[in-house]
Amino acid sequence: MTEPSHKTLSDRTILNEGTEYEIECYGYKQSATDTILVYLGIFLSCGILLLIFYWKPEWSLLLQYNRCPLHEAEAVLLKDIYRRWHIAKIERANVELPDDAVFRVRRFNQLRPPPDPPTEPLSDGVAKTDLVSGEKVHANSELPADTTNEYLNEEENYKLRFFRYQKLKYLWDPYTQDFYNLRGLDADTPCEDFYTKYKGLSMEEQSKRAELYGLNKIGINQRSILVLFVVEALNPFYIFQLYSVLLWIIGYQYYYFSVAIVVMSIIFISVAVYTTRKLSNMLRKMVESSAKVTVFRRGGICEEINEQKLVPGDVIVMPLTGCMMTCDAVLISGTCIVNESMLTGESVPITKTPLPYDPDAPAETYNAELHKRHTLFCGTDVIQCRRTGDEYVLAVVVRTGFSTAKGTLVRSILYPKPMDFKLHRDAMRFIGVLAIIAMIGFVYVITIKILHDATIKDIIIKSLDIFTIAVPPALPAALTIGMVYAQTRLKRKGIFCISPQRINISGTLDIVCFDKTGTLTEDHLQLLGVAPITNGSAKSTMPVKLNTGQETESFVLIEDPSKLPDGPVLHSMVTCHSLTVIDGELKGDPLDLQMFEATKWHLKEPTENETTNFSNYMPTVVSSTPWPGETTDGEVLPPQSDDRAPSKLGIIRQFTFSSAFQRMSVITQEQNSNSMRIYVKGAPEKVASLCENQSVPDDFHDVLQEYTRQGLRVIAIAYRELPESVSYQDVMKISRDDVEKDLQFLGLLVMQNKIKPETNPVIKQLKKAKIRTVMVTGDNILTAIHVARKCGMIEHKEMVLRVDATPPSIDGDAKLEYKIVKQEMYGRAFKSNDDESKDSNENSAILDNIEGTENVKITIDGDAIEKVDHSMYHFAMDGTTFAIVMEHFPDLIPKIAVRGTVFARMSPDQKAQLIEALQKLEYYVGMCGDGANDCGALKTAHAGISLSEAEASVASPFTSKTPNIECIPLLIREGRAALVTSFGIFKYMAMYSMIQFISVVILNTLNSFPGDWMFMYWDIAITLVVALLSGRNHAYKKLVPKKPQSQLMEAPLIFSMVVMILLQLIFQVSGYFVLTTRPWFTPVVPVKGEMNILCYESTVVFYVSAFQYISVAFLFSKGPPFRKPIYTNVPYTLGLIILTGITVYLVLYPAAKLREWFLLMYIPEFLFRIVILALCLANFLAATLIEVYIANSMFVKDILTCKKYRGSHTLPKHMQIQQELSADAHWPPVTHNTENSGPSKRVASMPTVESSF
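For clarity, every value in this text was computed on a predicted model and none was experimentally measured.

Cut-offs and rules
Residues numbered from 1 in each chain as written. Predicted model: local features only at pLDDT ≥ 70, side-chain atom pairs only at ≥ 80, totals over all residues. Heavy atoms only, no water. Helix = DSSP H or I, 4+ residues; strand = E, 2+ residues; numbered from the N terminus. Buried < 20%, exposed > 50% of the residue type's maximum accessible area, 1.4 Å probe, protein only. Contact = heavy atoms within 4.5 Å. Areas by Shrake-Rupley, 256 points an atom, 1.4 Å probe, with all protein chains shown as cover. Pairing = 2+ DSSP bridges. Salt bridge = Lys/Arg side-chain N within 4 Å of Asp/Glu carboxyl O. Core = buried A, V, L, I, M, F, W, Y, C linked by side-chain atoms within 4.5 Å. Patch = residues over 30% accessible without salt bridge, like charges linked within 9 Å, V, L, I, M, F, W, Y side chains within 5 Å. Lys, Arg positive; Asp, Glu negative; His and termini not counted. Charge placed at Lys NZ, Arg CZ, Asp CG, Glu CD. Phe/Tyr/Trp six-rings, centres within 6.5 Å; stacked < 30°, edge-to-face > 60°. Lys NZ or Arg CZ within 6 Å of the ring centre and 35° of its normal. 1 Å grid on protein atoms, 1.4 Å probe; cavity = no way out; pocket = protein on both sides within 12 Å on 5 of 7 lines; lining within 4 Å. Points joined across faces, edges and corners; volume = space filled by probe spheres on them. Axes fitted to C-alpha atoms, helices over the stretch in contact; angles between N-to-C directions. Parallel < 35°, antiparallel > 145°, perpendicular 65-115°, else oblique. Left-handed = near helix turned anticlockwise from the far one by under 90°. Nonpolar A, V, L, I, M, F, W, Y, C, P; charged D, E, K, R; others polar. Polar contact = N/O pair within 3.5 Å; in protein donor to acceptor, adjacent residues only side chain to side chain. pLDDT = per-residue confidence, 0-100.

Draft legend 1. How the structure looks around the overall build of the chain. When helices and strands are counted, the chain shows 39 helices and 43 strands. Within the span of the chain, comprising 1253 residues, buried residues form 54% of the whole. Within the chain, contacts between residues separated by at least 24 positions form 74% of all contacts whose residues are at least 6 apart in sequence. Summing over all exposed atoms, the chain offers an accessible surface of approximately 55100 Å²; the carbon and sulfur share of this is 57%.

Right, here's the structure in full:
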């Protein structure tokens, strides 16, 4: 168990430091006196204080508990990285800790003398501020010896102290005086322990571990409908509604309106309960499992138990027919074929092999990420299992329950990240502003009522009512409405989302990073041929008709691999893969499939009892001739007549492909032969580095460069003979490092990876919308540059600068070099073995615009012969250079990130690091990929979308069933529509409150008040239509360069809201003053204690405000360029038209019965009614002028933001750097060497004319 990097203070610590699950932990102990006072307060407040504690449980803890050292704590207060507070009670249990490595390390530490007293602060060497009280605190001094001993003895007596947080358990370590996350065998467990220590648990051991780890169950607690209803009803919004309803009934006797609000609230609560229940049922079905598993017990006894009884350390027997994994387990014997689409988004079958173990090698600690090719993850589908010899297929359980991979996915759904924190914070600030306005209105109404000699009851009711009007509690919820509609539309189009809050963020994307293979290009590769080396021993094995006879040529391209002679090159192609037979069909990686099928060999996976004429059991056998009875398309194949003798090879052992190693290897044996061979396949540079130098042709790099310039995928193959003294048993124990060394280079596999037809239009669409596109791939850099040009990321007129770095050496510091990658004309790299087909084969045609690398001669003062156009260049770099720059030139990362377009040979961790670097520059980053190598980057990005057939994947927030990048502009468009919808409804809700606030204040001033049916018309007829229907506008059909507003507190929005509020005030007051000019007008005669509703004043204010609600509802429902026009939302448009018509009718010709219901005065003058309509029309036109033309104009934005005086400081960091690069004519220093002589010192030196390889 890795200890925390900080020094734990006595009453607080940091758990899961440096991860997204980091939490600050504070110790608290209950105070009897404070608890009694709190309960007294609850009683005196009639339960209101209890309700507040329900909303803010941390307040209850702070009032009833006192801070104390962690070892005395009865409860802990936790704060996550999103600044949310949680509480957890300390529990105790008599549990014996198992003899696992993680606990052995701690027990060993307990036997050592105590360390020096911690004298450092919590972190970074600076006194930490108390995060609760705000006081400066320093590190805890040495704890008394008796205290330490007391808790050491406590653990020896198995009195375990722990707390639970988000389904995980945190144990107390008495030695370090700290809590730590309870983990299974995935922490600090040596690999050898899985073979030497875990050979089956006894019933007693299993029972003890079950007490510690609990059931192997991903339990979803399903609340009853009644409980869900009560929980939803206790939402602050509905409590506020209850307060309002009680006020209206007691103070105004507004029964109709109150009943309508109650009914509407019950409907909303019921819909929310139904949705919650439905999602809960779906989640329960997703995690439900009640399978039986077979486990090994001590003495080699097998027992069938329920999966929920599994604990870390159990040895399970994998069924040969496959199963669904219900825990995370390490494979220690046999092989398994699994589908990990739930984790990675890839549905390609993956071969899992036993965890490597070599007793003579240095001890290695198991790591679930590094050893994922040997780990069976919970939730993945094991398609089939294969034994090795007579051994069972065995796996050791390492994690159970919510600690598993599937448990992590479920926890991310149960405890999602909060909505965009800045957006939510701005919403709360806006509510705070409205609360201040309400407080001003509260004081104003009290003053007016006192001056009007109102009753005490009237003063209290009217002043309290101001808060129900001015502060709409549904404002934060309004931000989610657009997101909900967008999520529904995305689901219909095959894009599934497990993190809905990311939808709004996806509408703000500035840059999208793409994986290459399977994302921009096709999944399936086309094998163009194999290029064996033709010098030395390899040349002697080539048939005469394939031998070029030219000693200067090291390679020859053979377009039909089935014509290869029976030798190492052919054998490497038929054996070095991870293919398997599932339901009679060959399955596996598309690259492996293309390679094997091109040889026209046949693969079989014999059963244990099937005779294969090998001296030992072979899990996989390949043959040059069909197997007896083998069928193709339902017909039995006759034995093939071939001029070659039938050949059979057995694959003894596989070392599967790993992105970290960039290669895979197999150990094989030929039938009727005692010798064994190793075949390796992988990235050319990596494989060549593992070969003996004399076996690699001198022109290897030139040949590789020639092919990669053409955008072709190149794989290298190599082999090695094993001494005959190496036995079958030795091979089963040999380590990967001992296998993949001292190889003989064989040649290259050349494949074409075509760009998907949808790629170019999408890239063009994104660039037209000024959204940057970046390629992040594990492929060769020149291949990546070629694809970037072909798909339009880099235009043909734009320059590519390759960044190359060399690490520090004894000769000097790290160096950095920039080289111009030029477009040149290249022909065929190799001659074909089939001259007749050379002209007809499209792959033999000359390829234009091929990438080459050229150094440019420069003078020492930096004046280059060929200068860089600062508006048209892109950086390209590989993973090796990226790592060196990150370590030795970190200050250059922002510049490279701003201009970087191609990042090749990037490891999964480096992809995530690049995303983080872009985010630090204030980019909103999207990531699109299709494989396991992209998981880290997909989760790190603001909006990561995985191309997968799975509906939910732990790999990313979004999963698209459409296997191309067309989902990216669709997601961005829906995100923009969701943002605009949410902001429009937010603005409407705020304006609706202010319009009603103005109306009520005006009428209170005139000793009148709106009637029951007036409120119903405003709040239900109009506002309900807006709330339910305005979000139905679909996203606009295309992306535009302009981006939607992403912050509530931006100057244009604040300007719009303030001016619109003043405008509504002016026109309502104007309506009143126009009314007073009419000869028939008689002011209201107030009756003390009455509402005085029926009067001209309330009637005119009602008319004007009703039109104002409709006007702002129309104006805030924005259409293009982010949403389709408002008329396309037919229900909403019809609703507004009908509401407008009804309002006009109420103004011009209201029926007597309607006037009676609404308590409207009859206006005798028809002309005045027309004047009211004209006044409302003028209000609408003025509001349109402000909202459409003034508020969003650049002139107003510049004035409000003081752009003239603030300059570029108002721009995001990436734009500031972009301006700096454009202004700096001497950077980048093309072909200069940059030496790392300190933090910022760089020395330019004369370039050397050399190849980039």
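Draft legend 2. Geometry of the sheet that holds strand β18 (residues 381-386). The strand order across the open sheet formed by four strands is β13-β18-β15-β16, and the pairing between neighbours is antiparallel. Strands with a single pairing partner mark the edges of an open sheet, and in this sheet they are β13 (323-324) and β16 (350-352).

Draft legend 3. Broad picture of the pattern of salt bridges. Applying the stated criterion to the full structure yields 41 salt bridges. Two residues, Asp 779 and Lys 516, come together in a salt bridge whose shortest N-O distance is 3.0 Å. One end of the pair, Asp 779, is in the loop between β34 (772-776) and α25 (781-791); the other, Lys 516, is in the loop between β21 (511-514) and β22 (526-532), and 263 residues separate them in sequence. As far as the burial class goes, Asp 779 and Lys 516 line up, both buried. Residue Glu 817 pairs with Lys 819 through a salt bridge whose shortest N-O separation is 3.7 Å. A relative accessible area of 3% means that Lys 819 is categorised as buried.

Draft legend 4. Expanded view of the nonpolar core. By size, the foremost hydrophobic cluster in this structure holds 86 residues, and its most contacted members are Tyr 254, Phe 257, Tyr 988, Tyr 1017, Met 1060, Phe 1102 and Tyr 1103. Ranked by the residues each element gives to this core, the list is headed by helix α30 (residues 967-1005), at 14 residues. Residues within four places of Phe 1102 in sequence aside, it is in contact with Met 1014, Tyr 1017, Trp 1018, Leu 1146, Phe 1158 and Leu 1160. Within the second largest apolar cluster, 43 residues are counted, among which are Met 483, Leu 766, Ala 769 and Met 793.

Draft legend 5. Region of interest: a positive patch on the surface. Taken together, the side chains of Lys 764, Lys 768, Lys 1037, Lys 1038 and Lys 1124 define a basic patch exposed on the protein surface. Considering the arrangement of structural elements, one finds Lys 1037 in the loop between α31 (1012-1029) and α32 (1051-1076).

Draft legend 6. Expanded view of the packing of aromatic side chains. For the structure on display, the rule yields 38 aromatic pairs. Centre to centre, the rings of Tyr 988 and Tyr 992 are 6.2 Å apart; their planes meet at 10°, and the pair counts as stacked. Pair noted here: Tyr 988 and Tyr 992 are both in helix α30, with a separation of four residues, about one helical turn. By relative accessible area, Tyr 988 is classed as buried at 1%. A cation sits over an aromatic face here: Arg 899 above Tyr 873, 4.4 Å from the ring centre.

Draft legend 7. Just a nonpolar patch on the surface, in detail. Together, Met 1049, Ile 1054, Val 1058, Leu 1062, Leu 1065 and Ile 1066 give the surface a local cluster of nonpolar side chains, amounting to about 470 Å² of exposed area. Within the secondary structure, Val 1058 sits in helix α32. The class of Val 1058 is partly exposed, set by a relative accessible area of 44%.

Draft legend 8. Representation of empty space enclosed by the protein. Per the counting criterion, the structure on display carries eight cavities of 30 Å³ or more. Considering only enclosed or pocket space, the largest cavity measures out at about 480 Å³ in volume. If you go around the largest cavity, you meet 24 residues; those closest to its centre are Glu 20, Tyr 21, Ser 412, Tyr 415 and Lys 417. Where the lining of the largest cavity is concerned, the elements lending two or more residues are α12 (405-414) and α16 (501-506). Counting residues per element, the lining of the largest cavity draws most heavily on α12, which supplies three residues.

Draft legend 9. Focus on the sheet that holds strand β30 (residues 663-670). Ordered in space as β22-β33-β32-β31-β30-β29-β26-β25, the eight strands form an open sheet in which the pairing is antiparallel. For this open sheet the edge positions go to β22 and β25 (602-604), each flanked by a neighbour on one side alone. Pairs of neighbouring strands in the sheet enclose a mean axial angle of 25°, with direction left out of account. With seven bridges joining them, β30 and strand β31 (residues 676-682) adopt antiparallel strand pairing. Its bridge partner being in β31, Thr 668 is matched across the sheet by Arg 677. Sheet strands touched by helix α21 (residues 700-709): β32 (712-722) and β33 (744-752). Its angle to β32, the strand with the most contacts, is close to 145°.

Draft legend 10. Main features of the packing of helix α26 (residues 879-888) against helix α28 (residues 908-920). As a packed pair, α26 and α28 sit with axes 11 Å apart at the nearest point and diverge in direction by 55°. With respect to α28, the element α26 is oriented oblique. The element α26 and its partner α28 pack so that their crossing is left-handed. Contact residues: Gly 879, Phe 882, Ala 883 and Met 886 in α26; Gln 910, Gln 913 and Leu 914 in α28.

Draft legend 11. Just unusual backbone geometry, in detail. Residues Pro 1120 and Pro 1121 are joined by a peptide bond in cis, for which omega reads 10°. Its location among the elements puts Pro 1121 in the loop between α33 (1096-1115) and α34 (1130-1148). Despite not being glycine, Lys 167 has its phi angle at roughly 75°, a positive value. Position of Lys 167 among the secondary structure elements: in the loop between β7 (159-165) and β8 (168-173). A relative accessible area of 32% places Lys 167 in the partly exposed class.

Draft legend 12. Up close: the packing of helix α2 (residues 48-55) against helix α3 (residues 57-64). Where α2 meets α3, the axes come as close as 4 Å, and the angle between the chain directions of the two elements is 115°. Classified by the interaxial angle, the pair formed by α2 and α3 is roughly perpendicular. For the pair α2 and α3, the contacting residues are Ile 52, Phe 53, Tyr 54 and Trp 55 in the first and Pro 57, Trp 59, Ser 60 and Leu 63 in the second. A class-by-class count of the residues in the contact of α2 with α3 yields seven nonpolar, one polar and no charged.

Draft legend 13. Quick look at the pairing of β18. Alignment of β13 against β18, held across two bridges, turns out to be antiparallel. Pairing of Cys 323 across the sheet is with Val 382, part of β18. Across five bridges, the pairing between strand β15 (residues 335-339) and β18 is antiparallel. In the sheet register, Val 338 faces β18, and the bridge partner there is Val 382.

Draft legend 14. α25, seen in detail. Most of α25 is tucked away: 10 of the 11 residues are buried. Where α25 is concerned, the buried positions are Ile 781, Leu 782, Thr 783, Ala 784, Ile 785, His 786, Val 787, Ala 788, Arg 789 and Cys 791. For α25, the N-terminal cap is Asn 780; the gap from its side-chain oxygen to the backbone nitrogen of Leu 782 is 2.8 Å. Immediately downstream of α25, the backbone of Gly 792 shows phi near 100°, a positive value.

Draft legend 15. Just the confidence of the model for the chain, in detail. When the pLDDT values of the chain are averaged, the result is 80; 83% of them are 70 or greater. Averaged pLDDT values over the elements of the chain bottom out at 39 in strand β37 (residues 847-854) and peak at 96 in β21. Low confidence marks residues 1-5, where pLDDT is under 50. Its contacts with residues over four positions away, or in another chain, come to 13 contacts.

Draft legend 16. Spatial organisation of the pairing of strand β19 (residues 394-399). β19 sits mainly inside the fold: six of its six residues count as buried. Looking at chain direction, strand β12 (residues 315-317) and β19 are connected through three bridges and run antiparallel. Bridging from a neighbouring strand, Val 315 pairs with Val 396 of β19. With five bridges connecting them, strand β14 (residues 328-333) and β19 associate as antiparallel partners. Residue pairing across strands places Ala 329 opposite Val 397, the latter belonging to β19.

Draft legend 17. Molecular detail of the environment of Tyr 357. In this structure, Tyr 357 sits in the loop between β16 and β17 (375-376). Residues contacting Tyr 357, with those up to four places away along its chain left out, are Glu 192, Tyr 195, Thr 196 and Lys 733.

Draft legend 18. Quick look at the side chain of Lys 756. Considering the arrangement of structural elements, one finds Lys 756 in the loop between β33 and α24 (759-768). Residue Lys 756 is classed as buried on the basis of its relative accessible area of 4%. If we skip the residues at most four places from it in the chain, Lys 756 touches Gly 518, Thr 519, Leu 520, Thr 521, Glu 522, Leu 947, Pro 963 and Asn 964.

Draft legend 19. View of the environment of Leu 355. Mapped onto the elements of the fold, Leu 355 is located in the loop between β16 and β17. On the basis of relative accessible area, Leu 355 is assigned to the buried category, the value being 1%. In this structure the C-alpha to C-alpha distance between Leu 355 and His 371, which are 16 residues apart in sequence, comes to 7.4 Å. Residues within four places of Leu 355 in sequence aside, it is in contact with Cys 191, Phe 194, Tyr 195, Val 330, Leu 331, Tyr 366, His 371 and His 374.

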